[in-house]
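Observations on chain architecture
Chain by chain, the residues run as shown.
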Amino acid sequence: EKPRLLDDGEGGVLFFSSSYSSSSGFGFSSIEKQRQRLPVYKYRSAILYLVETHATTIIVGETGSGKTTQIPQYLKEAGWADGGRVIACTQPRRLAVQAVASRVAEEMGVKLGAEVGYTIRFEDLTNPDVTRVKFLTDGVLLREMMDDPLLTKYSVIMVDEAHERSISTDMLLGLLKKIQRRRPDLRLIISSATIEAKTMSTFFQTSKKRRGLEGEALEPKVEPAILSVEEPPGDILVFLTGQDDIDTAVQLLTEHDRNDRKKSELIVLPLYSGLSRAEQELIFSPTPRGKRKVVISTNIAETSLTLEGIVYVVDSGFSKQRFYNPISDIENLIITPISKASARQRTGRAGRIRPGKCYRLYTEEYFINEMPAEGIPEMQRSNLVTCVIQLKALGIDNILGFDWPSPPSPEVMIRALEVLYSLGVLDDDAKLTSPVGFQVAEIPLEPMISKMILASGDLGCSEEIITIAAVLSIQSIWTSSRGAQKELDEARLQFAAAEGDHVTFLNVYKGFLQSNKSSQWCHKNFINYQAMKKVMEVREQLRRIAQRLGIVLKSCERDTTVIRKAVTAGFFANACQLEAYSHNGMYKSIRGSQEVYIHPSSVLFRVNPKWVIYHSLVSTDRQYMRNIITIDPGWLTEAAPHFYQYRQLTHMPH
Ligand code: ADP
Ligand code: MG
């Protein structure tokens with residue numbers, strides 16, 4: 001079969017259809033045989049030829065066809081990692097990085113962390129002397145540019161999952177295009193599962209001609225929304241939106257196990273980022289005979305991960321997406337209808353190895369008439385504070401003129417510049433301040449947290465603030481309620497601090513240390529042991545970074561005033577005041593007069609102190625503040641005179 005090559009001399013675009021070679025059943029064949037059966041294998045030499053002869057190669061192939069696991073190996077086999085050079089493959093998602101790297105290490109028969117390694121934030125499983133194939137998040141590669149702006153150690157960089165259009169992917173593409181001008185030897189591969197290749201090839205000017213994809217996917221038949229376990233054997237993949245609804249669904253499906261024979265044949269597993277390695281392995285391990293695996297996932301299983309054995313897919317039609325409003329300056333995770341492109345991808349997960357079915361929990365009419373064709377790139381629906389500071393740190397001064405695959409709106413850029421200015425990170429000329437701006441940029445966390453850590457050095461509470469920052473970087477340190485909400489609430493109350501959630505975290509951390517880091521202690525107290533282990537790791541790394549930046553490591557011995565002042569130094573923009581006559585706990589944000597409420601998971605829920613600062617907002621029926629700390633409003637003008645000088649602070653004691 002001839003690959004369809006579109007080539008105008010400048011770059012190459014390769015589409016391939018994804019028929020599997022006649023397989024005589026999976027399972028017992030050698031890894032080498034399995035590799036040769038993947039659709040991408042037929043294009044091995046075409047791909048290597050394109051990479052050899054073009055600066056940029058764009059590859060489009062269906063999920064599961066072998067792009068991520070095979071292409072880096074082909075490159076290695078063809079000598080692209082000789083002479084100490086490294087082949088990089090980026091992914092937008094941390095979990096995908098880990099899963100794919102361990103699969104490739106297995107296929108190559110090497111130990112993960114040696115020849116094949118991976119790096120995600122706060123976790124580096126590579127050895128610079130021997131690692132030749134390196135998987136990493138696009139965010140980590142961006143960070144590497146701060147030390148090595150031309151990414152000199154890499155011979156080929158494969159930007160994978162480009163159709164996801166994450167902020168970091170888009171930034172990376174813009175920056176790599178610049179690097180290419182200085183490094184003609186560098187090879188780029190941009191790979192994706194959908195036909196967004198158009199945007200990409202225009203961006204990299206690779207091809208002016210285009211033809212449609214062979215064997216365009218057929219529209220799947222829409223079936224009624226009932227999943228009967230009467231279906232013949234085969235695993236089920238269910239797309240829901242986030243950890244909360246996934247945990248609930250897992251619980252519903254596991255309850256009363258013994259009373260229901262059909263249910264007892266189910267192995268129900270959640271899939272979302274932040275799972276431990278052990279939990280991930282369960283998902284990828286083969287389903288035992290007589291059992292049926294049910295994986296309940298976020299859109300991470302849409303294209304970044306391939307699960308063997310899935311025959312049925314249930315698509316809720318929704319995913320959780322970030323949305324940012326530059327007017328109110330509020331960013332929210334909102335449950336949003338997915339796009340047609342996503343719906344097709346989800347459907348495609350069914351029956352890769354034999355005919356399957358997809359149950360879409362929405363009508364055909366909705367799909368045809370109302371579902372948007374494509375999603376909006378994250379760049380155009382997010383707060384860009386982190387993005388702007390990174391570009392500044394890379395010496396890109398003209399942010400508004402930067403060459404983006406999809407430019408964000410100038411309002412959002414200006415908002416980000418404003419926030420960075422008020423944090424003292426940028427000066428009047430919009431240049432990074434020294435040392436604060438450079439230090440904040442150096443810490444791999446969002447600028448507000450980094451600023452909080454810097455301030456804690458001066459306030460003498462860096463040990464505590466680093467613990468808090470580590471906890472905030474983890475999804476949640478609490479386990480799900482395991483059907484016992486009351487017990488969970490009571491367990492949480494033992495640690496509750498009147499000053500709020502941040503100080504409560506310190507109590508949990510202290511308890512964990514006193515228990516000798518016991519998993520039993522965690523279980524008894526509804527605390528997630530894996531999460532606490534991760535907190536310890538992140539904490540150690542942050543301490544190292546702090547030391548490198550000259551931040552004094554010191555404990556304030558539980559003087560919570562300085563702790564709260566340090567939080568204020570970073571998060572002053574999230575200050576809210578309780579409405580004077582509110583009977584239902586309504587707060588208003590000071591900057592946007594936005595109506596917000598305390599999240600039920602907060603230790604301050606129903607306590608309703610007058611002035612609070614929140615860490616983040618979640619939006620369901622209302623806007624809820626998550627992770628809250630009480631403050632004295634006087635600290636606001638102290639921490640950010642520019643930000644609060646013109647704002648009306650009613651009822652302020654000053
Ligand atoms: P793509 O990147 O094109 O979506 P991958 O390279 O990720 O495809 O996967 C190719 C094939 O490798 C899959 O179809 C699957 O058979 C196998 N595979 C990938 N990851 C794993 C894993 N963790 N465990 C077992 N098989 C895997
Ligand atoms: Mg892939």
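What you are looking at is a predicted structure, and each value in this text was computed from that prediction instead of being measured. (Residues numbered from 1 in each chain as written. Chains lettered and ligands numbered in written order. Predicted model: local features only at pLDDT ≥ 70, side-chain atom pairs only at ≥ 80, totals over all residues.)

1. A few points about the overall build of the chain
This is how it is decided: Going along the chain from the N terminus, every DSSP run of H or I of four or more residues is numbered as a helix, and every run of E of two or more is numbered as a strand. Residue burial is a threshold on neighbouring C-beta atoms within 10 Å of the residue's own C-beta, all placed from the backbone, with 20 or more meaning buried, 12 or fewer meaning exposed, and counts in between meaning partly exposed. Contact criterion: two residues are in contact if their C-beta atoms, reconstructed from the backbone, are within 7 Å.
Along the backbone of the chain there are 25 helices and 21 strands. Scored against the burial criterion, the 654 residues of the chain give a buried share of 45%. When contacts within the chain are restricted to residue pairs at least 6 apart in sequence, those whose partners lie at least 24 apart make up 70%.

2. Re the sheet that holds strand 10 (residues 235–239)
The following threshold applies: At least two DSSP bridges between two strands are required for those strands to pair. To get an axis, a line is fitted to the C-alpha atoms, and for a helix only the part in contact is used. The angle between two axes follows their N-to-C directions and goes from 0 to 180 degrees.
The strand order 11-12-10-13-16 describes an open sheet built from five strands, whose pairing is parallel. The open sheet has two edge strands, strand 11 (266–271) and strand 16 (357–360), and neither has a second partner. Each strand of the sheet is rotated relative to its neighbour by a mean of 15 degrees, with strand direction disregarded. As judged from the four bridges shared by strand 13 (residues 310–315) and strand 16, these two strands associate in the parallel manner. In the strand pairing of strand 16, V313 is matched with C358. Contacts from helix 8 (residues 243–254) reach strand 11 and strand 12 (292–297) within the one sheet, and its direction differs from that of strand 11 by about 170 degrees.

3. Remarks on the nonpolar core
Here is the rule: Joined through C-beta atoms within 7 Å, a set of buried Ala, Val, Leu, Ile, Met, Phe, Trp, Tyr and Cys residues constitutes a nonpolar core.
Core analysis: the largest hydrophobic core is formed by 164 residues, its most contacted members being L420, M452, I453, A469 and V612. Among the elements that make up this core, the one with the highest residue count is helix 4 (residues 94–108) (nine residues). What V612 contacts, discounting residues up to four positions off in sequence, is C576, Y587, L604, I628, I629, T630 and I631.

4. Examining the packing of helix 14 (residues 385–393) against helix 15 (residues 410–422)
Note the threshold: Angular relationships are summarised with four words: roughly parallel below 35 degrees, roughly antiparallel beyond 145, roughly perpendicular across 65 to 115, and oblique for the angles in between. Only Asp, Glu, Lys and Arg are considered charged in this grouping, and only Ala, Val, Leu, Ile, Met, Phe, Trp, Tyr, Cys and Pro are considered nonpolar; every other residue, Gly among them, is considered polar.
In contact at an axis separation of 9 Å, helix 14 and helix 15 are set at 75 degrees when each is read in the N-to-C sense. On the basis of the axis angle, helix 14 is roughly perpendicular to helix 15. From helix 14, V385, V388 and I389 reach across to helix 15, where they touch M413, A416, L417, V419 and L420. Of the residues in the contact of helix 14 with helix 15, the class split is eight nonpolar, no polar and no charged.

5. Some points on the pairing of strand 17 (residues 575–578)
Bridging between strand 17 and strand 20 (residues 611–619) involves three bridges; their strand directions are antiparallel. If you follow A575 over to strand 20, its bridge partner there is I613. Strand direction decides the pairing type here: strand 17 and strand 18 (residues 587–589), joined by three bridges, are antiparallel. Across the sheet, C576 pairs through a bridge with S589, a residue of strand 18.

6. Topic: the site of ligand 1
Quick reminder of the rule: Residues are counted as near a molecule or strand when the C-beta atom, derived from backbone positions, lies within 6 Å of that molecule or strand.
Around ligand 1, the surrounding shell holds 15 residues, and the nearest of these are G64, K67, T68, T69 and R103. Split into classes, the residues belonging to the shell around ligand 1 amount to three nonpolar, nine polar and three charged.

7. Notes on helix 17 (residues 447–459)
Note the cut-off: Each helix should span, by expectation, one fewer than its residue count multiplied by 1.5 Å.
For helix 17, built from 13 residues, the straight-helix expectation of 18 Å at 1.5 Å per residue is met to within 8% by its first-to-last C-alpha distance of 18 Å. By the criterion of burial, helix 17 is predominantly enclosed, with twelve of the 13 residues buried. Turning to helix 17, its buried residues are P447, M448, I449, S450, K451, M452, I453, L454, A455, S456, G457 and L459. In the core, the buried residues of helix 17 are packed alongside helix 14, helix 15, helix 16 (436–442), helix 18 (462–472), helix 22 (529–548) and helix 23 (560–571). Following helix 17 by one or two positions, G460 adopts a phi angle in the positive range, close to 80 degrees.

8. Here's the deal with the sheet that holds strand 18
The five strands are arranged 17-18-19-21-20 in a closed barrel whose pairing can be described as mixed. Neighbour-to-neighbour, the strand axes of this sheet turn through a mean angle of 50 degrees, independent of strand direction.

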